Amino acid sequence: MKKISVVTPCYNEEENIAECYSVVKEIFEKHLPGYEREHVFCDNASTDKTLEILKGIVAEDTCARIIVNARNFGPLRNNYNGVMAATGDAVLLFLPADLQDPPELLPDFVKLWEQGYEIVYGIRATREEGWLMRSVRGFYYNILTRFSEIQIPPGVGDFQLADRRVVEAMRRIRDTYPFMRMMTFECGGRAVGIPYRWRARKRGFSKNRLSALFDQGMNGIISFTTAPLRFGLITGFCAAAFSLVYAITNFLIGIIFYHKVAEPGILTLIVASFFFGGVQLFFTGLIGEYVLAIYSRVREKPVVFERERINFSGATTASAETATSDKLAEG
C-alpha cells in the first residue's frame, strides 16, 4: 500500500485545525481508500489551544503526527521541516489549516501522480481576496517567474504533490531559508498543473504580517533570480550615459547662450546629487540582501529547532539539529 503524506503547518489555529484533520481523513476514506494516510502537523510554538487539540487527535489516530517547534521559526521554515519529516511515497507539501487551498483536489493530484507526473501543482487561477492584495501578489509572481531561470506558471504556491524522488532531491539543497514552491521545479521532473479557486479564510485571521510577507517575497527573488543585480548594472550604465549626455548638453548651452558654464546648473547638481544618492542606497541595500542570504547559508544553522515529535515511529522527541546535520551529511 502506497503512503500519501499531507503536511499542515500551523500557528494559533485552534479554530481550524480539527476541521482540517477531519476533512483530510474523510477524503482518504471516501476517495483514497487504497492508500495509507500520513498527516504531519507542524506546530510553530502556538500560544492557544492548537497543540492541545492536536495531541487529542494523535492520541486516537496513529496516522497523525505532530512536530512541535521550540519557538516560532516562520511559516516557510516550519513547513519545509515538516516536508523533510514526511515519509510518504508522495507528499502534499502544504495544506493550510484554514483550508484556503482546497483539499478536495488531493484525489486528482494522486491520480495524476500515478500517471507518472512527479510534481502535481495547484495554480491559483482566481483568489477570494481584495483587489489590492490580489494585484500585488499577481505582480510579484509575474516578476518572479519571468526573470527566474526556473520557468513555472504564475500563481503556483506550495500546494503541490511531490514524488518521493523530488522530496529527497530537495533534501540535498543546503538552504536555511527554503522557498519550496520553486525548489520542486529546481529539482526537475514531469510536472502538471491544476487551476483552482483560492478561498477566503472562514475563521480566524492570517498570522502572516505585512513585514513577513515582504521578507518571504524577497527570499524568493534573491534565491531564484539574479535579475535585480543585472537590473542594477543596467540602471547604473544608463544613468552614467545619461549624465554624460546631460553634462555635454549643459556645457554647450552655457557656452552658446550664457557664455559661462556655472551658475545656471547649480539646482540641477543638487537634484542630481539626491537622485544618484538614492539610487546608490537602493542598490547597496539590494546587494546587502544577497550578502545576507550568503551569510545565512554559510552559518549552516538548522532550519528549525524542535521541542518534541509525537507519533513518529514511537519516538516522542527529536532534535531538528540532528536531522539537519544528517541532511548535510547526505548532501
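Throughout what follows, the structure given in this document is the object of discussion. It should be emphasised that the depicted structure is a prediction, and the values quoted were computed from it without experimental measurement.

### Brief notes about the overall build of the protein chain
Secondary structure assignment for the protein chain yields 11 helices and 8 strands. Across the 331 residues in the protein chain, those meeting the buried criterion constitute 45%. If you take every contact in the protein chain between residues at least 6 apart in sequence, the share linking residues at least 24 apart comes to 80%. Surface summary for the protein chain: the accessible area is close to 17500 Å², and the carbon and sulfur share equals 61%.

### A short note on the sheet that holds strand β4 (residues 90-92)
Strand order in the open sheet made by the 8 strands is β7-β5-β6-β4-β1-β2-β3-β8, with mixed pairing throughout. This sheet does not close on itself; its edge strands, each paired only once, are β7 (191-198) and β8 (306-310). Averaged over neighbouring strand pairs, the angle between their axes works out to 20° when direction is ignored. For strand β2 (residues 36-43) and strand β3 (residues 64-69), the ladder comprises 5 bridges, and the chain directions are parallel. Along β3, the bridge assignment pairs Cys-42 with Ile-67.

### Remarks on the packing of aromatic side chains
Following the criterion strictly, the structure yields 4 aromatic pairs and no others. Residues Phe-73 and Phe-305 carry aromatic rings whose centres are separated by 6.3 Å and whose planes lie at 45° to one another, so their mutual orientation is tilted. Here Phe-73, found in the loop between β3 and α3 (75-85), pairs with Phe-305, found in the loop between α10 (266-299) and β8; they are 232 residues apart in sequence, far enough to count as distant. Phe-305 gets classed as partly exposed once you look at its relative accessible area, which sits at 38%. An angle of 70° between the planes, with centres 5.4 Å apart, marks the rings of Phe-159 and Tyr-196 as edge-to-face. With Phe-159 in strand β6 (residues 156-163) and Tyr-196 in strand β7, the pair connects residues that are 37 residues apart, well separated along the chain. Here Phe-159 and Tyr-196 have matching classes, each one buried. Members of the aromatic cluster, joined through ring pairs, are Phe-109, Phe-159 and Tyr-196.

### Comments concerning the packing of helix α1 (residues 17-31) against helix α2 (residues 50-60)
For the pair α1 and α2, interaxial distance at closest approach is 9 Å and the crossing angle is 30°. Judged on the interaxial angle alone, α2 and α1 are roughly parallel. Side by side, α1 and α2 meet where Ile-17, Ala-18 and Tyr-21 of the first sit next to Ile-53, Leu-54 and Ile-57 of the second. The residue inventory of the contact of α1 with α2, partitioned by class, reads 6 nonpolar, no polar and no charged.

### Description of unusual backbone geometry
Within the chain, Asn-12 stands out as a residue other than glycine whose phi angle is a positive 55°. Here Asn-12 lies in the loop between β1 (3-10) and α1. Positioned with a positive phi, Asn-311 is a non-glycine residue whose angle comes to about 75°. Locating Asn-311 in the fold gives a position in the loop between β8 and α11 (320-330).

Rules of the game
- Residues numbered from 1 in each chain as written.
- Predicted model: local features only at pLDDT ≥ 70, side-chain atom pairs only at ≥ 80, totals over all residues.
- Heavy atoms only, no water.
- Helix = DSSP H or I, 4+ residues; strand = E, 2+ residues; numbered from the N terminus.
- Buried < 20%, exposed > 50% of the residue type's maximum accessible area, 1.4 Å probe, protein only.
- Contact = heavy atoms within 4.5 Å.
- Areas by Shrake-Rupley, 256 points an atom, 1.4 Å probe, with all protein chains shown as cover.
- Pairing = 2+ DSSP bridges.
- Axes fitted to C-alpha atoms, helices over the stretch in contact; angles between N-to-C directions.
- Phe/Tyr/Trp six-rings, centres within 6.5 Å; stacked < 30°, edge-to-face > 60°.
- Parallel < 35°, antiparallel > 145°, perpendicular 65-115°, else oblique.
- Nonpolar A, V, L, I, M, F, W, Y, C, P; charged D, E, K, R; others polar.

The values reported here are purely geometric and, on their own, carry no functional implication.
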